[in-house]
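Notes for the structure review
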Amino acid sequence: MATRIAEMPLPELVGFVNEWGTLPRALDRRPPSDDRARVALADELHAVFAATARAERAALVTALLDRTRVRPALTEREGELVEEWTVDDPAQRERAAAALALRHHLAEHPGRIGVCADDQCADVYVDASPAGRRRFCCLTCQNRARAAAFRRRARSG
């Protein structure tokens, strides 16, 4: 029997990857998690954010969608036809919801995801800035990187 799923909200997706991913946890000096399934999924999703080429991102998201066997469906609800997504394996629900979120976002904004540019961080982000030039996951990392660059310039000059 098919299980209905909803696209994972992007802030929830970013939080999931940053909370459970191996690299973000290691750079934050948090202990490894015992939940191997969540860690594996977060690492799989982290690779999409870390990919720099559009074609590579597309291939990774397409592989996620293929693995989950997510399918579109139409359902009548209160006199309206509503788009839904289904998977046959309930264990694939979270992976499919994340893959759908990435699919929809990247179709509209292909270059607007990434991994923090700060050397001490591996958190991922979704760029919602008007200019589309975000490079850091948060202001703390941006300020830390700018301060380090300032100190390097001061030492060399």
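Presented here is an overview of the structure given in this document. All figures in this text were calculated on a predicted structure; none of them were measured in a lab. (Residues numbered from 1 in each chain as written. Predicted model: local features only at pLDDT ≥ 70, side-chain atom pairs only at ≥ 80, totals over all residues. Heavy atoms only, no water.)

**Details of the overall build of the protein**
- The secondary structure content of the protein amounts to six helices and five strands.
- If you line up the protein on its principal axes, its C-alpha atoms span 70 × 40 × 30 Å.
- The buried share of the protein, taken over its 157 residues, is 36%.
- A separation of at least 24 residues holds for 51% of the contacts in the protein among residues at least 6 apart in sequence.
- With 25 positive and 23 negative side-chain charges, the protein shows a spacing of 10 Å between the two charge centroids. (Helix = DSSP H or I, 4+ residues; strand = E, 2+ residues; numbered from the N terminus. Buried < 20%, exposed > 50% of the residue type's maximum accessible area, 1.4 Å probe, protein only. Contact = heavy atoms within 4.5 Å. Lys, Arg positive; Asp, Glu negative; His and termini not counted. Charge placed at Lys NZ, Arg CZ, Asp CG, Glu CD.)

**Focus on the pairing of strand E3 (residues 80–87)**
- Two elements, strand E1 (residues 3–5) and E3, share three bridges in a ladder whose sense is antiparallel. Paired with Ile5 across the two strands is Trp85, which belongs to E3.
- Bridge count between strand E2 (residues 71–77) and E3: seven bridges; the pairing is antiparallel. Across the sheet, the residue bridging to Thr75 is Val82, located in E3.
- Between the antiparallel neighbours E2 and E3 lie two residues, among them Glu78 with a positive phi of about 55°. (Pairing = 2+ DSSP bridges.)

**Here's the deal with the side chain of Asn18**
- Positionally, Asn18 belongs in helix H1 (residues 10–20).
- Polar contacts involving the side chain of Asn18 include one to the main-chain amide nitrogen of Val124, which spans 2.7 Å.
- For Asn18, the residues in contact, after removing those within four places along its chain, are Pro24, Arg30, Asp123 and Val124. (Polar contact = N/O pair within 3.5 Å; in protein donor to acceptor, adjacent residues only side chain to side chain.)

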